[in-house]
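# Fold and contact review
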Amino acid sequence: MKSDSRTARRARRPGIAENPRIYWLTETFYPPQIGGVEFIASHLSHGLVATGLEVHVITRKPETSCLREESIDGVHVRRIDPSGLSKGKGLRALPAMLSFLARLTFMLIHEARCYDVLIVSGMKIIPLAAVPIAALFGKRCIIRIESTAELQEPVSRQSLRSMHGGLSRALQNVSAWLQRKMLLHADRVVAISDVVHRRLLRMGLPEEKISQIPNAIDLSQFHPVSRAERDRLRAELSLPHGATILLFAARLSRAKGIELLVKAWPRILVQHPELFLVIVGSGDGAFDACETEIAESIRRSGRAGERIRMIGVSQRVRHFLQAADLYISPSDYEGFGVGIVEALATARPCLVTPVGVVPQLVRNGENGFVFPPRDLRGMLLAIDHALAERDRWPEIGRRARDAVSFLDVGTVVQQYAQLCEELVHPRQSGLQH
């Protein structure tokens, strides 16, 4: 539904104390983009609207066909040109990045009377506009760190590979310096996990500037089901009834470790012929997409490939989770690991690498199974271990669900609402700037 810009962006009447008005700034947003960062920005912005706050999302236009402006369930969304993917392009992405930054800067200055708080998803280029403009106009700026990779590599390795050594080092050093300046001058920095929190402290950020708020999922949607409901879902999703279903649900990119799993599949079936692998997701939007290679590897694997099904993008991830027996994520790294949390919430025994929020949530052998990234032997041993514990799957599943109970979207949204209120009205909240 198209939004009326004149009513969507209103200036506040002087002298009237009201709820904080929020501009959520992100390079990616759902819909149409699909991924952890995109879903979280969507869940939290919609959750804040449900509490009565006014939220506007400003994001990049991913495709030329996307609407420039629309209202999605009460959240006003605007998409800024230029469109297209920039990650991994190196200096070739610079004109598009600068164009986006210039348009965003103009918009934030022009509409400064229409917002009180800027929430920035990620440490790419948006803070370069958001932090100084917030300071200039007396607004508050919150930066959400989406992954430790953002802090370790201000410029991605893929982009650096496209440059000469001296230029890449200079760009990395300048980017790291700018990143630290923006973090130090933001009003608050949100760490989504213990790992991110520790990294920020090592960078020299004061403890009082950091708010640890995890990502969230809707526990009313991602929940365990009865065996009868599981069987019904398997029939509905055309999954084999008698097989032990191992589910991978994530973007088909090299960083997710799916290549390792598929290449090892014939070997896995020799030991566990009852297994059936279901792959949900696509490589769309990933700079390191490997969907084509995965499909070719499955085709070449002969009879083993008959025990794999590629589903592609699906709006029914929770139903695939509820229909599966086990969930696997052999990822190299995760900023948080929303897909893993969703699997834990549905009481699936999970086979995961110790990335993102996993070290906080999963205890090996108790409520899941942990193996090192890029470790074939470790992954095979984890699969053996999980299948040997079949009788304990209900207990493991219950413990998995309990581990994520504090990550419900309603609880996390309240933390963001309280943080915005504290920053905008410090005296009423008992805080001083």
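Before reading further, recall that the structure is shown in the block above.
An account of the accompanying structure is given in this report. (Residues numbered from 1 in each chain as written. Predicted model: local features only at pLDDT ≥ 70, side-chain atom pairs only at ≥ 80, totals over all residues. Heavy atoms only, no water.)

For the chain, the helix and strand inventory stands at 18 helices and 14 strands. Counting the 433 residues in the chain, one finds 54% classified as buried. A separation threshold of at least 6 residues defines the contact pool for the chain, and within that pool the share at least 24 residues apart is 67%. When the accessible surface of the chain is split by element, carbon and sulfur atoms take 52% of a total near 19200 Å². (Helix = DSSP H or I, 4+ residues; strand = E, 2+ residues; numbered from the N terminus. Buried < 20%, exposed > 50% of the residue type's maximum accessible area, 1.4 Å probe, protein only. Contact = heavy atoms within 4.5 Å. Areas by Shrake-Rupley, 256 points an atom, 1.4 Å probe, with all protein chains shown as cover.)

All right, on to the pairing of strand E10 (residues 275-280) then. Among the 6 residues that make up E10, 6 are buried, leaving the element largely enclosed by the rest of the structure. Burial along E10 is two-sided: the residues Leu275, Leu277 and Ile279 and Phe276, Val278 and Val280 are all buried. Pairing of strand E9 (residues 244-249) with E10, which is carried by 6 bridges, proceeds in the parallel orientation. Bridge pairing in E10 places Leu247 opposite Val278. (Pairing = 2+ DSSP bridges.)

When two helices pack together, you describe them by how their axes are tilted relative to each other and by the distance separating the axes. In the contact formed by helix H10 (residues 258-271) and helix H11 (residues 291-300), the axes pass within 9 Å of each other and the chain directions differ by 5°. Between H10 and H11, the crossing angle belongs to the class labelled roughly parallel. In contact with Ile258, Glu259, Val262 and Lys263 of H10, H11 contributes Glu293, Ile294, Ser297 and Ile298. For the contact of H10 with H11, the per-class residue count stands at 4 nonpolar, 1 polar and 3 charged. (Axes fitted to C-alpha atoms, helices over the stretch in contact; angles between N-to-C directions. Parallel < 35°, antiparallel > 145°, perpendicular 65-115°, else oblique. Nonpolar A, V, L, I, M, F, W, Y, C, P; charged D, E, K, R; others polar.)

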